[in-house]
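So the chains spell out like this:
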Amino acid sequence: METLLHGRTSSAVNPGNSASDSGGESRLSLGQIGGIAVDPEGFFYLADPAQHRIFRLSPEGELEVWAGSGKAGHRDGAAEQAQFDSPQGLLWDPKGGLWVADSGNHCLRYISRQRRVTTFAGTCVAGYRDGERDEAQFREPFGLALGLDGSLYVADRANRRIRRITPTGKVTTAAGTGQPGSADGPAEQAQLLEPTALAVDKAGNLWIADRHRLRRLSANGHLTTLSQAEAGYRDGPLAEARFQTLAGLAFDSAGVLWLADQDNRRIRRLQPSGQVSTLAGGDEPGWQDGPVVSARFQRPGSLLALPDGSLVVADAGLPGLRRLSRVVP
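Reading the values: the criteria
Residues numbered from 1 in each chain as written. Predicted model: local features only at pLDDT ≥ 70, side-chain atom pairs only at ≥ 80, totals over all residues. Heavy atoms only, no water. Core = buried A, V, L, I, M, F, W, Y, C linked by side-chain atoms within 4.5 Å. Buried < 20%, exposed > 50% of the residue type's maximum accessible area, 1.4 Å probe, protein only. Helix = DSSP H or I, 4+ residues; strand = E, 2+ residues; numbered from the N terminus. Contact = heavy atoms within 4.5 Å. Pairing = 2+ DSSP bridges. Salt bridge = Lys/Arg side-chain N within 4 Å of Asp/Glu carboxyl O. pLDDT = per-residue confidence, 0-100.

**Comments concerning the nonpolar core**
Among the nonpolar cores identified, the biggest contains 17 residues, and Ile 36, Leu 46, Phe 55 and Leu 321 are the most heavily contacted of them. Among the secondary structure elements, those contributing two or more residues to this core are strand E5 (44-48), strand E6 (53-57), strand E7 (63-67) and strand E29 (311-315). Residues in contact with Ile 36, not counting those within four places in the same chain, are Tyr 45, Leu 46, Leu 90, Ser 302, Leu 303, Leu 304, Val 312, Ala 314 and Leu 321. Counting residues in hydrophobic clusters, the runner-up holds 16 residues, among them Trp 66, Ala 82, Trp 92 and Val 100.

In structure tokens:
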């Protein structure tokens, strides 16, 4: 385990105040880390919901403000003038660009490679409505995932639903009635409590972090709870496993599902065989790198599984980014 970004010691130039009274640069540190994403060149993107900004971290470790004026609001246009409100989930578009779940604005935004910000979906008024993406409504969108057919899945957290945006721009409800609950079954009858993180497997199934429950929406539209219904901490067969608060999900190339169990302060993994194990973390909070048996986290959150087999963890407690080197199953 190693630290990629230490939120208390790393800072970026503040584009809104580039010079101080003494003639030097004004620096800006991270306030929080919500969602994270990575592009093909190895740049990391971090959503800071506390400062209403998107940061970018270069492969060389240079941090910069990528988009957002720092003032909560809704404004499209040039990145440095654009406004967000508590951005959360991030997802890199394979065509080039970044999707942002602009949670406080109840809509999805898009940042192009040219750093132009547009509203991708939603009216930016809280509500619930399917239809064309510029007419649809969301309520606190959170996690994002890309389906095998190019559809964008959205954890519509406060609406307690999973939404799907097709490549043609239609917004539909993939699962959830809107009533809080944990009922499994056909997607249109199933209930969710608070969906946050999402991940898609090689078969096209959507895995959902629903508080302490790990759930799966099959490609044919059936929602199933796979872990124990009670919160806690237990490894073993998935049907017997317990989690406390699932805050991050990511599949690696081997089909292993990595899970950030935030309030248990652990990184867990689900093997394709169905066995859950703990790889790193423990009961005591901390920020300790080194061998996984001694590594400690504050509040592990969003996850990224990289092509080289390593895992990037957004530790919301400092905040900062950690990397777990490639682990042989």
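**What about unusual backbone geometry?**
Leave glycine aside and you will find that most residues have negative phi; peptide bonds, for their part, are mostly trans. The step from Leu 318 to Pro 319 runs through a cis peptide bond, and the omega angle for that step is 5 degrees. Structurally, Pro 319 is set in the loop between E29 and strand E30 (320-324). A positive phi angle is found at Arg 115, which is not glycine, with a value near 65 degrees. Here Arg 115 shows up in the loop between strand E11 (107-111) and strand E12 (116-121).

**Focus: the sheet that holds strand E22 (residues 222-225)**
Strand order in the open sheet formed by five strands is E18-E22-E21-E20-E19, and the pairing between neighbours is antiparallel. Where the open sheet ends on each side, the last strands, each with one partner, are strand E18 (185-186) and strand E19 (195-200).

**Brief notes about the pattern of salt bridges**
For the structure on display, the rule yields 19 salt bridges. In this structure, the salt-bridge partner of Glu 64 is Arg 56, at a minimum N-O distance of 2.9 Å. Arg 56 gets classed as buried once you look at its relative accessible area, which sits at 15%. Where Asp 289 meets Arg 322, a salt bridge forms, and the shortest distance between an N and an O atom there is 2.9 Å. Separated by 33 residues along the polypeptide, Asp 289 in the loop between strand E27 (275-281) and strand E28 (300-305) and Arg 322 in strand E30 bring together distant segments of the chain. Assessed through its relative accessible area of 28%, Asp 289 is described here as partly exposed. One connected set of salt bridges, linked through shared partners, spans Asp 76, Asp 102 and Arg 109.

**Remarks on the confidence of the model for the chain**
Taken residue by residue, the chain gives an average pLDDT of 94. The fraction at 70 or more is 96%. Within the model, the stretch residues 18-23 combines pLDDT values under 50 with five contacts to residues more than four positions away or in other chains.

**Looking at the sheet that holds E12**
If you walk across this open sheet you meet the five strands as E8-E12-E11-E10-E9, and the pairing is antiparallel. Edge positions in the open sheet fall to strand E8 (77-78) and strand E9 (87-92), since each of these has one partner strand only. Relative to E11, strand E10 (residues 98-102) runs antiparallel, the two sharing five bridges. Bridge pairing in E11 links Leu 98 to Ile 111.

**Let's talk about the environment of Ile 208**
Here Ile 208 lies in strand E20 (residues 206-210). Counting along the chain gives twelve residues from Ile 208 to Thr 196, while the straight-line C-alpha distance between them is 7.2 Å. Discounting residues that sit within four places of it in the chain, Ile 208 has contacts with Ile 162, Leu 192, Pro 195, Ala 197, Leu 198, Arg 213, Leu 214, Arg 215, Leu 217, Leu 223 and Leu 249.

**So, the pairing of E19**
Summarising burial for E19: six of the six residues are buried, a large majority. One ladder, built from four bridges, connects E19 with E20; its direction is antiparallel. Note on E20: the bridge partner recorded for Pro 195 is Asp 210.

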